[in-house]
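Letter by letter, the chains look like this.
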Amino acid sequence: MASFILRRLIQSGIVLLAVAMIAFLMFRFIGDPVSQMVGQETTLAERAELREKLGLNDPVPVQFLRFVGRAATGNFGISYQMGQPVDRLLAERLPATLELSVFAMIIACLIGVPLGVYTGLHPKRWLSRLFLVVSLIGISLPTFFTGIMLILVFGVELGLLSTFGRGETTQIGWWTTGLLSVSGWKSIIMPAFTLGLFQMTFIMRLIRSEMMEVMRTDFIKFARARGISEGKINFGHALRNTLVPVMTIVGMQLGSIIAFGIITESVFQWPGVGLLFLQAISTADIPIMSTYLLLVAVLFVAINLTVDLLYYVIDPRLRADNVARGA
Amino acid sequence: MTSNSTGRFLPALRDSDAWHKFKGSPLTIGAAIIALLMISSALLSPLIAPHDPFDPRAIDLMNSLIPPAWHEDGQSSFLLGTDDQGRDLLSAILYGTRTSIIVGFVSVGAAVLLGLVAGLLAGYLGGFIDGFIMRVVDIQMTFPSIMVALLIDGISRSLLPREQHDQLALVVIILALSLSIWPQVARTVRASTMVEKNREYVQAARVIGRPAGIIMVKHILPNVMGPVLVIATINFGVAILGEATLSFLGVGIPASEPSLGTLIRIGNNFLFSGERWIVLYPGLTLALLVLAINLLGDWLRDVLDPKLR
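The rules behind each value
Residues numbered from 1 in each chain as written. Chains lettered and ligands numbered in written order. Predicted model: local features only at pLDDT ≥ 70, side-chain atom pairs only at ≥ 80, totals over all residues. Heavy atoms only, no water. Core = buried A, V, L, I, M, F, W, Y, C linked by side-chain atoms within 4.5 Å. Buried < 20%, exposed > 50% of the residue type's maximum accessible area, 1.4 Å probe, protein only. Helix = DSSP H or I, 4+ residues; strand = E, 2+ residues; numbered from the N terminus. Domains from an automatic or database assignment. Contact = heavy atoms within 4.5 Å. Buried area = accessible area lost by both parts, 1.4 Å probe. Polar contact = N/O pair within 3.5 Å; in protein donor to acceptor, adjacent residues only side chain to side chain. Nonpolar A, V, L, I, M, F, W, Y, C, P; charged D, E, K, R; others polar. Salt bridge = Lys/Arg side-chain N within 4 Å of Asp/Glu carboxyl O. Patch = residues over 30% accessible without salt bridge, like charges linked within 9 Å, V, L, I, M, F, W, Y side chains within 5 Å. Areas by Shrake-Rupley, 256 points an atom, 1.4 Å probe, with all protein chains shown as cover. Phe/Tyr/Trp six-rings, centres within 6.5 Å; stacked < 30°, edge-to-face > 60°.

### Quick look at the nonpolar core
Consideration 1: Ranked by internal contacts, the top residues of the largest apolar core, which has 114 residues, are Phe-277 of chain A together with Met-147 and Leu-150 of chain B.
Consideration 2: It is helix H10 (residues 212-248) of chain B that contributes the most residues to this core, 14 residues altogether.
Consideration 3: Counting only domains with at least three residues in this core, you end up with domain 1 (2-72) and domain 2 (89-282) of chain A.
Consideration 4: Within the second largest apolar cluster, 28 residues are counted, among which are Val-117, Ala-192, Ile-207 and Ala-238 of chain A.

### Side note on the environment of Gln-84 of chain A
Residues and elements named next belong to chain A.
Consideration 1: Inspection of the secondary structure assignment puts Gln-84 in the loop between helix H4 (60-72) and helix H5 (86-121).
Consideration 2: For Gln-84, a relative accessible area of 28% puts it in the partly exposed group.
Consideration 3: If near-sequence neighbours (up to four positions away) are discounted, Gln-84 is found in contact with Gly-77, Ile-78, Ser-79, Leu-89 and Glu-92.

### Digging into the interface of chain B and chain A
When the parts come together, some accessible area is lost, and that loss is often what is quoted as the size of the interface.
Consideration 1: In this assembly, 36 residues from chain B lie in contact with 38 residues from chain A.
Consideration 2: In this assembly, chain B packs against chain A so that about 3400 Å² is buried in total across both faces, 85% of it on carbon and sulfur atoms.
Consideration 3: If you look at where chain B meets chain A, you find zero residue pairs in polar contact (both at pLDDT 80 or more).
Consideration 4: Breaking the side of chain B that touches chain A down by element, the ones donating at least two residues are helix H7 (145-159), H10, helix H11 (260-268) and helix H12 (277-304) of chain B.
Consideration 5: Ranked by residue count, the leading element in the side of chain B that touches chain A is H12 of chain B, at eleven residues.
Consideration 6: In the side of chain B that touches chain A, the residues fall into 25 nonpolar, seven polar and four charged.

### What about the pattern of salt bridges?
Consideration 1: For the coordinates displayed, the defined rule picks out five salt bridges over all chains.
Consideration 2: Residue Glu-213 of chain A is joined to Arg-216 of chain A by a salt bridge in which the shortest nitrogen-to-oxygen separation is 3.6 Å.
Consideration 3: Between Glu-196 of chain B and Arg-199 of chain B there is a salt bridge, with its nearest N and O atoms 3.3 Å apart.
Consideration 4: With relative accessibility at 40%, the residue Arg-199 of chain B sits in the partly exposed group.

### Re a nonpolar patch on the surface
Residues and elements named next belong to chain B.
Consideration 1: Judged by side-chain polarity, Val-117, Leu-121, Leu-125, Phe-128, Ile-129, Phe-132 and Val-136 come together as a nonpolar surface patch covering roughly 650 Å² of accessible area.
Consideration 2: Among the elements of the structure, helix H5 (89-125) and helix H6 (127-141) are those that each provide at least two residues to the nonpolar patch.
Consideration 3: With four residues, H6 is the single largest residue contributor to the nonpolar patch.
Consideration 4: Here Ile-129 lies in helix H6.

### Considering the packing of aromatic side chains
Residues and elements named next belong to chain A.
Consideration 1: Within this structure, the stated rule accounts for ten aromatic pairs over all chains.
Consideration 2: With a centroid separation of 5.4 Å and 70° between ring planes, the pair formed by Phe-103 and Trp-185 is classed as edge-to-face. Separated by 82 residues along the polypeptide, Phe-103 in helix H5 and Trp-185 in helix H8 (residues 182-215) bring together distant segments of the chain.
Consideration 3: Take Trp-185: its relative accessible area is 39%, and that puts it in the partly exposed class.
Consideration 4: Judged by centre distance (5.4 Å) and plane angle (45°), the ring pair of Phe-198 and Phe-260 falls under tilted. Of this pair, Phe-198 sits in helix H8 while Phe-260 sits in helix H10 (residues 230-267), placing them 62 residues apart in sequence.
Consideration 5: Through a chain of ring-to-ring contacts, the aromatic side chains of Phe-24, Phe-64 and Phe-67 assemble into a single cluster.

### Details of the domain arrangement of chain A
Consideration 1: The assigned domain composition of chain A is domain 1 (2-72) and domain 2 (89-282).
Consideration 2: Taking the mean C-alpha position of each, domain 1 of chain A and domain 2 of chain A sit 37 Å from one another.

### Things to note about unusual backbone geometry
Residue and element names in this part refer to chain A.
Consideration 1: Phi angles above zero are rare outside glycine, and Gln-269 is one such case at about 50°.
Consideration 2: Positionally, Gln-269 belongs in the loop between H10 and helix H11 (273-282).
Consideration 3: Gln-269 gets classed as partly exposed once you look at its relative accessible area, which sits at 43%.

### Quick look at the side chain of Thr-28 of chain B
Residue and element names in this part refer to chain B.
Consideration 1: Tracing the backbone through its elements, the reader meets Thr-28 in helix H3 (residues 26-43).
Consideration 2: The exposure class of Thr-28 is buried, given its relative accessible area of 8%.
Consideration 3: Look past the residues within four positions of Thr-28 in its chain and what remains in contact with it is Phe-22, Leu-296 and Trp-299.

Set out below in structure tokens:
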């Protein structure tokens, strides 16, 4: 156990260092940090002084270590475009993105799991077939097109829901939430559904195939023979056994939530980190881009690590050292 | 893999598993017909499109925002209406689909080539090379493909002056998409190569002294192509969606060039003023194209690689 965890930690550390290296190279060598910070009339002497003060004349490995050290304490430099510290800009926007992502994941699970169970238990019914065809269409629709169509129907035609922004937000400590106002709820439904749609179809298909597999196994037959009620078998025995692979893959999918989050935030003008990143790209704002890269990497590594460890806790069969080999 | 002469190829095709599965599924046949129609009409767009919407001399601002022909104010010369600059929407969609298909084809082709080389080397040689290639793959797979594409676009934007970036936009997109797809190919090829290299035919080739390069290309390569074909088909759809998404986000193909994503972005600005055809028809075209490709991908997976399901 200890050696497994240690090995995973070392692997995660290496990945993070590599990403930090890429972020550093971007930060340091794309565009000149000095000319981004000073005006036209700054003299060459002043530039050289600034260069020395920023430590840009030190050996590159020293600069890299300094970059990592600063990043570890949350200092990511100053945005070229907005002139504010990157960490503050990101912290301001993070609640919006997290609220949206969690909400989307909840919607995806609440709809995806029951549909998956139903289609898995009754694969031959016409309703199941309908769900499957709809899910294939759901996967093929581009995220931004789904969002636009929702805006068209519920925002423009019916005028029911808000089509951009977060609505009215409330400040709680450093966290801002939109979930305490009616306009906030009206604003989050469409983006969350758009973002969750792909995950929903994904979870549904996964649970369906796992359920079909589990229902064929002997322990379900034995449970039937013992006279346990259908409901208890379906949910207590079968669904429970599908949850391990589902959890892993749902965990991994959080990454695509982040990716599609950028698109969704752009369609609905949701003021989250994805929109910030997109603005940074069109204005070539390197500090924000490299920080976002690091942020996503940390998130990813943390998720993968947690999923691996949870796997280990939930399924006793995996506790032999084959996990380490399989991973 | 298949026989060389067409004389034997057709009967072999008729008896094959693939053909039987194809015949038995109306959905797959429909998807194939739609995909073929869309791809061929897109490639022929300079010949069949009623207008050339990307020739500045041919467009007239007076024709802007005309609704589709069946509306009251529609004109029969603009079947699906026009956009805000007076470009014929049907023609723009045809040209845009052509861009999608070219981008999808080239980026998947490049990704497959790179993935094949990396995967074969890693799987066959093992050791340090394997470790190095696979760590690169791991790191790249940490990031969602659209993010990799966005980053590469952002970096190129800060390295190149604006006009040059617009000129190179297509190249940058293709580069970004293929860089985000190749790790999947490499991983699959590596796994299959590791299985194949212990088979007797490879050992036999090694015993008679054929060099490693020849063994990889002539013996192992044909036997790992099945899953690669499946991944390539699925990623063809992914790449087309990727290009459209980047263009929609405004970091892809510049507005003066044809692209479905760009059309949808333009249409998005007219959502509230009622000109919905600009967003609707390019969007439906894109969805239909990707849906058809996904259905074909499902079928290929059934036929070639049941394990991947």
